[in-house]
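What follows is the residue order along each chain.
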Amino acid sequence: MPPSRAEVLQGTLDLLVLKTLDSMGPVHGFGIAQRIEQVSEELLQLNQGTLYPALLRLEQRGWIASKWGVSENNRKAKYYSLTRAGRKQLREEVESWERMSAMINRLLKTS
Amino acid sequence: MRDLCLVFIHRLVALFHRRHLDDDLDAELRSHLEMAVELNLRRGMTAEDARREALRRFGGVDRIKEIYRSQRGLPVIETTLRDLRFGCRLLRRSPGFSLSAILCLTLGIGANIAVFSWIEGILFRPFPAVVHQERLLALSGTARGTQDSTDLSWPDFVDFQRACTQIDLIEDKIMGTTLSIGDRAERASGSIVSPNYFAALGIHPVLGRGFTADEGTGRNAHPVTVISYWTWQERFNGDPGIIGKTQVLNGLPYTIIGVAPQGFYGTFVGYAMQFWVPTSMQERFDAGGYKLEDRGARWIEGFAKLKPGVTREQAQEEISAVAKRLAAAYPATNRGRGIRLLPLWQTPFNKASELLPTLGITLAMASLVLLIACANVSNLMLVRSLARQREMTIRLAVGCGRGQLLKQLFTEGLVLSMFAAAGGLAVAYGCRNVLAMFFPAPNGVALNLRGELDWRVLAFGAGVCLVSTLLFGLIPALQTAKVDLAAALKFESGSVVGGRGRSRVRSLLILLQVSLGFVLLVGAGLLIRSVQEMRTASPGFATEDVLTTGLDLFSAGYDAQHAKNFQDELSERVRALPGVKSIAFARVRPFSYLPYSTASILVDGYQAAPDEQPAVEYNEVDPAYFATLGIPLVSGHDFATTDTEAAPLVAVVNETMVEKYWHGEDPVGKRLQVNGRWMQVIAVARNSMYWTFLETPKPFFYVPLRQNFSLRAVLHIRTSAAPETIAAALAGEIHALDGSLAPQEVITMREHIERSTSAQRIAMTVLSLFSGLALVLAVVGLYGVMSYMVSQRRRELGLRMALGASASDLLRLVMSHGLALTAGGVVLGVAAALGLTRLLGYILYKVSPRDPLAFASAFVVMTIASLAACFLPAWRAPRIDPVRALRD
């Protein structure tokens, strides 16, 4: 039986996208989806399409910017990159995620 | 918060390039899928598998797009825009329906906006140039024992101004003069104003300055004037060096010290002022003599301007307290007197008071017209909603919510009424100056009665637009939303669903229209009768063969003695003209704006109430006055030419005065004290009207002009000759006596009185117009319903014919249906009219609000109109081909 694939936790998709952009630099939507799946070793099941509303959401908030460019295979693609505000947002979200998961870990260990 | 704003802006911007963004998204998703397919191919899948796997991993493309789009724009606005676009498209598709609906509504909405803009411009905000005109209140003097508003005296005014801390008092007394500039002489209106006038109103002269405080005092000491922008431009050709030049007014050169800004016409509703002079110059403009030190001479009209943050009640309290102090300090002149501060629309002394009831009634009528128009549009929409039955059913069937459906229907209605509101604004703009047409300008005095199209009027228009959308949209919308899906889908397309309920609703709408139209017809009938009554009524003096004109010896610089000689000589010459029976000078002409003199009186044997100070109006007249105007004397004898300055003072009183002060006993030979002087009563004159036809009989008396001389007098000539011949002859005689003098316009008293009844004529004209409109709308509505009924009942009518009904049977059938509707409407209309016409009571003269003739004529007109409306559809009914009707 293959390891069960986890649904992306509500609200964490934004964080994953921001983090991906932070470590990879400008990248297109397909690239982001692939990267998230690779890093999670295919454990994370992503409806790749849901990425796009998320990207729009982040862009509307001014955390990421987009620009049309050409991919390595000479294909037209839209490239996303982190803005200054996005970088700040990422730091805050990582911090709060760590606080949160540390707390949950403590809870799980003590009980 | 900042985030939310950013998001909102993004979404808003996105609304405007939806198409571009859609293309963008398509391209992006396509490129994603292609990359995925490519990768899968590289991993060794078949082309088909690669594609399927890519799509599977992506999830539903269309669903994603939908989520994406709803997150990108503003869905509420987008659907509204869509509904609006759809509404416009529908309107374009049935231009006949749209045009008739928009026309109906334009008339209804336009009438309301136009009337409201008049009310705004004349009653609520008559002085757009004045800073904070909402803080202006009209000053109205009160006296115990009368409801009438009185003017103020200058000493009182000054005391009020000094003592009141919460208001600025502003004096503004209209007066006229001859303005001679170059070789052009014309009548001009100006105002005597308190020196704070311009400063308190916040009016900054464009050139020069306003008046200074010291220019208000000193008898005739400050011959300075501020001229209006219009005068500067039109009469002085915009001369930039105008300040410091002089202009002769009433024979005295005045230094022009300022030019008022454009758009400032003074503060007398109705007239546009051409110049202003300070109070100190009162005597030069008032033939009644010097009044600035006389507390008993009440001649000032004016306003109070509230200081910031002060309410009317506080100011009223303060000024009442001061009035009480003055009454105690000067009982001879001020006993029982007070001051009321009234909002501008209740101003007692200008055209506002004359027009207030008329405008109120007009607005009520306009709203009735709007109701009728809405009923008509509602009817049209009901017919159309029938044609759209199928569309609605399908919308419901494919999952459109009823709420959404209603929203769409209202949006469509809104499109209609927005077009109509735009048209209505154009109508109102075109009608801005219509009211001025009812007031013939006396001798070139500029009129200023305009509607004001400010934001309040626009807001009112928007409100009317929304309300009417709700009114005419409600019934069709409810009918549509009631559609029974299962039942509707079972029927063939084009068949009638809910026809019965709908036609009942339409009949109800017709009832409403007919009854409202009937009310307006009755109202118009009443006003027409009233104006007719006025035209033929006797005001208590002769009107047909009496000519009248003005002759301003005061402005021409005469002194009293010269004026008396002049009058004597002129009377002599005019009496000698062929056809002239008599001639009489008098200070005031009945039914004119110029006020009569008022005197405090004392009568032996009359006990006044503790704080009543009896005051009665009077006129100064020549001995021939009663004969010339045909006012009979019921006892005693007429004034004689011997009643001159040297002779004992005499007076003639009217019947009401006898009733009130002598308790009906003949006062001839008794004495009467007028302003402290005793006079002997020598006759009693029959009552007549003094101001308007609507007044109640009031005490009044006459004194000889020679014993109470005034330089400014009017002429009355009794003659059988035509006005034109007398006018020419009179001008000739005057010219022969003094080459520099000319009489004012020579008209009959009848013409003069008619000019003074403008308010009634406005109401009559507007109401006639509105009732005509209402009639047309009601007839069109009735016609529509009847034609529709005939087409709807084709099958039934055809069957009847096949079974042997004759053409006249069918005609009767349809006609009787239409007439039944009319009869019902008229019955409702009679009931409504009996309740509503009471509102007209204010302006009706000698006509009862329940005048049977007005009701009968309205009935006849309505019946004929509806017969006409029903006839065509009824005539068509027997011409239905029974074979085809039954086969269809």
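Here, the structure is the one placed above.
Residues numbered from 1 in each chain as written. Chains lettered and ligands numbered in written order. Predicted model: local features only at pLDDT ≥ 70, side-chain atom pairs only at ≥ 80, totals over all residues. Heavy atoms only, no water.

J.: Teacher, can you tell me more about the overall build of chain B here?
T.: Scanning chain B for helices and strands turns up 28 helices and 23 strands. Against the compact-globule benchmark of 29 Å for 888 residues, chain B has a radius of gyration of 37 Å, which places it well outside the compact range. Within chain B, buried positions represent 52% of all 888 residues. A sequence separation of at least 24 residues applies to 80% of the contacts in chain B between residues at least 6 apart. As displayed, chain B offers around 38900 Å² of accessible surface, 60% of which is attributable to carbon and sulfur atoms. Each charge class in chain B can be summarised by its mean position, and for the 91 positive and 78 negative side chains these summaries are 11 Å apart. (Helix = DSSP H or I, 4+ residues; strand = E, 2+ residues; numbered from the N terminus. Rg over C-alpha atoms; globule rule 2.2 N^0.38 Å. Buried < 20%, exposed > 50% of the residue type's maximum accessible area, 1.4 Å probe, protein only. Contact = heavy atoms within 4.5 Å. Areas by Shrake-Rupley, 256 points an atom, 1.4 Å probe, with all protein chains shown as cover. Lys, Arg positive; Asp, Glu negative; His and termini not counted. Charge placed at Lys NZ, Arg CZ, Asp CG, Glu CD.)

J.: What is the right way to look at the overall build of chain A in this model?
T.: Along its length, chain A carries four helices and five strands. Here chain A holds 111 residues, and the buried ones make up 41% of them. Relative to all contacts within chain A whose residues are 6 or more apart in sequence, the contacts with residues 24 or more apart total 51%. Looking at chain A as shown, the accessible area adds up to about 6800 Å², and 54% of this sits on carbon and sulfur atoms.

J.: How should the packing of helix 24 (residues 758–792) of chain B against helix 27 (residues 852–876) of chain B be read in this particular structure?
T.: What describes two packed helices is the angle between their axes and the distance between those same axes. Residue and element names in this part refer to chain B. Put simply, helix 24 and helix 27 touch, their axes get as near as 9 Å, and they point 25° apart. With respect to helix 27, the axis of helix 24 lies roughly parallel. Here the hand of the crossing between helix 24 and helix 27 comes out right-handed. For the pair helix 24 and helix 27, the contacting residues are Leu775, Val779, Leu782, Tyr783, Met786, Ser787 and Val790 in the first and Val861, Met862, Ala865, Ser866, Ala869, Cys870, Leu872, Pro873 and Arg876 in the second. (Axes fitted to C-alpha atoms, helices over the stretch in contact; angles between N-to-C directions. Parallel < 35°, antiparallel > 145°, perpendicular 65-115°, else oblique. Left-handed = near helix turned anticlockwise from the far one by under 90°.)

J.: Teacher, can you tell me more about the pairing of strand 11 (residues 337–343) of chain B here?
T.: Within a regular strand, side chains alternate between the sheet's two faces. All names here are of chain B. Most of strand 11 sits inside the fold, with six of its seven residues counted as buried. By the bridge criterion, seven bridges tie strand 1 (residues 136–143) to strand 11 in an arrangement that is antiparallel. By the bridge assignment, Ser140 is partnered in strand 11 with Arg340. (Pairing = 2+ DSSP bridges.)

J.: Got a minute to help me understand the pattern of salt bridges in this structure?
T.: Oppositely charged side chains are able to pair whenever their charged atoms sit close together. Under the counting rule described, the total for this entry stands at 37 salt bridges over all chains. Two residues, Asp14 of chain A and Arg57 of chain A, come together in a salt bridge whose shortest N-O distance is 3.0 Å. Separated by 43 residues along the polypeptide, Asp14 of chain A in helix 1 (residues 12–24) and Arg57 of chain A in helix 3 (residues 51–60) bring together distant segments of the chain. Asp454 of chain B serves as the salt-bridge partner of Arg456 of chain B, at 3.5 Å between the closest nitrogen and oxygen. Taking relative accessible area as the criterion, Arg456 of chain B reaches 27% and is therefore assigned partly exposed. The exposure class assigned to Asp454 of chain B is buried, which follows from its relative accessible area of 15%. Here the salt bridges share partners, and the residues they tie into one network are Glu120, Arg125, Asp454 and Arg456 of chain B. (Salt bridge = Lys/Arg side-chain N within 4 Å of Asp/Glu carboxyl O.)

J.: What is the right way to look at the sheet that holds strand 2 (residues 27–28) of chain A in this model?
T.: Strand pairing in a sheet takes place through backbone hydrogen bonds and is either antiparallel or parallel in direction. As summarised here, the arrangement of the three strands in space is 2-5-4 (chain A), forming an open sheet in which the pairing is antiparallel. Two strands in the sheet have a free side with no partner beyond their single neighbour: strand 2 and strand 4 (64–70) of chain A. Taken together, the seven bridges between strand 4 of chain A and strand 5 (residues 76–82) of chain A define a ladder with antiparallel strand orientation. Each residue of the ladder has a partner; that of Ile64 of chain A, found in strand 5 of chain A, is Leu82 of chain A. Across the face of the sheet, helix 3 of chain A comes into contact with strand 4 and strand 5 of chain A while running at roughly 120° to strand 4 of chain A. Sitting on the sheet, helix 2 (residues 18–42) of chain B touches strand 2, strand 4 and strand 5 of chain A, and the angle it makes with strand 5 of chain A is about 100°.

J.: Would you mind going over the pairing of strand 21 (residues 700–704) of chain B with me for this structure?
T.: All names here are of chain B. Most of strand 21 is tucked away: five of the five residues are buried. Of the two faces of strand 21, the one holding Phe700, Tyr702 and Pro704 and the one holding Phe701 and Val703 are both buried throughout. Across five bridges, strand 16 (residues 615–621) lies against strand 21 in parallel orientation. Residue pairing across strands places Tyr618 opposite Phe701, the latter belonging to strand 21. One ladder, built from two bridges, connects strand 18 (residues 650–654) with strand 21; its direction is antiparallel. Bridge pairing in strand 21 links Val652 to Tyr702.

J.: Hey, could you run me through the environment of Ser866 of chain B in this one?
T.: All names here are of chain B. Inspection of the secondary structure assignment puts Ser866 in helix 27. Between the C-alpha atom of Ser866 and that of Asp604, which follows or precedes it by 262 residues, the distance is 67 Å. The contact partners of Ser866, leaving out residues within four places of it in the chain, are Leu782 and Thr822.

J.: Help me out: how do you make sense of the interface of chain A and chain B in this one?
T.: Interfaces are frequently sized by the accessible area removed from exposure as the parts join. Listed as interface residues are 26 residues of chain A and, on the opposing side, 26 residues of chain B. Note on chain A versus chain B: buried area summed over both sides is about 2500 Å², and carbon and sulfur give 52% of it. Ranking the residues of chain A by area buried against chain B places Tyr52, Gln60 and Arg75 of chain A at the top, with a combined share of 27%. Inspection of the chain A/chain B interface yields four salt bridges. (Buried area = accessible area lost by both parts, 1.4 Å probe.)

J.: Could you clarify how one ought to interpret a positive patch on the surface in this entry?
T.: On the surface, a cluster of positive charge is made up of Arg82, Arg85, Arg89, Arg92 and Arg93 of chain B. Relative to the helices and strands, Arg85 of chain B resides in helix 5 (residues 75–93). (Patch = residues over 30% accessible without salt bridge, like charges linked within 9 Å, V, L, I, M, F, W, Y side chains within 5 Å.)

J.: It is not clear to me how the nonpolar core should be interpreted in this structure. Could you clarify?
T.: A general trend in soluble globular proteins is that nonpolar side chains are found buried together. All names here are of chain B. Grouped together as the largest cluster of nonpolar side chains are 119 residues, with contacts concentrated most on Ile122, Phe264, Trp276, Leu416 and Phe770. The contacts of Phe770, once residues within four sequence positions are left out, are Ala111, Val115, Thr362, Met365, Ala366, Val369 and Leu520. Trp154, Ile167, Leu169 and Ile242 belong to the second-largest nonpolar core, a separate cluster that totals 39 residues. (Core = buried A, V, L, I, M, F, W, Y, C linked by side-chain atoms within 4.5 Å.)

J.: Just checking my understanding: could you explain unusual backbone geometry for this structure?
T.: Residues and elements named next belong to chain B. Non-glycine residue His132 carries a positive phi angle of around 55°. Mapped onto the fold, His132 is located in the loop between helix 6 (95–124) and strand 1. Residues other than glycine seldom take positive phi values, yet Asn675 does so here, at roughly 50°.

J.: Help me out: how do you make sense of helix 4 (residues 84–110) of chain A in this one?
T.: In an α-helix, one turn spans 3.6 residues, which is why side chains three or four residues apart end up on the same side. Its 27 residues give helix 4 of chain A an end-to-end C-alpha distance of 39 Å, which sits within 8% of 39 Å, the value for a rise of 1.5 Å per residue. For helix 4 of chain A, the secondary structure elements touched by its buried residues are helix 1 and strand 5 of chain A. (Expected span 1.5 Å × (residues − 1).)

J.: I'm lost on the packing of aromatic side chains in this one. Help?
T.: How two aromatic rings sit relative to each other is set out by the distance from centre to centre and by the angle between their planes. All names here are of chain B. Tallied over the entire structure, the rule returns 31 aromatic pairs over all chains. Centre to centre, the rings of Phe124 and Trp345 are 6.4 Å apart; their planes meet at 75°, and the pair counts as edge-to-face. With Phe124 in helix 6 and Trp345 in the loop between strand 11 and helix 13 (351–387), this pair connects stretches of sequence that are 221 residues apart. For Phe124, a relative accessible area of 34% translates into the label partly exposed. With a centroid separation of 4.8 Å and 40° between ring planes, the pair formed by Phe693 and Tyr845 is classed as tilted. You can see Phe693 sitting in the loop between strand 20 (677–685) and strand 21 and its partner Tyr845 sitting in the loop between helix 26 (807–836) and helix 27, a full 152 residues away along the chain. The pair Phe693 / Tyr845 is uniform in exposure class, with both members buried. An aromatic cluster is built from Tyr596, Tyr625, Phe626, Phe639, Tyr690, Trp691, Phe700 and Tyr702, whose rings are joined through pairwise contacts. (Phe/Tyr/Trp six-rings, centres within 6.5 Å; stacked < 30°, edge-to-face > 60°.)

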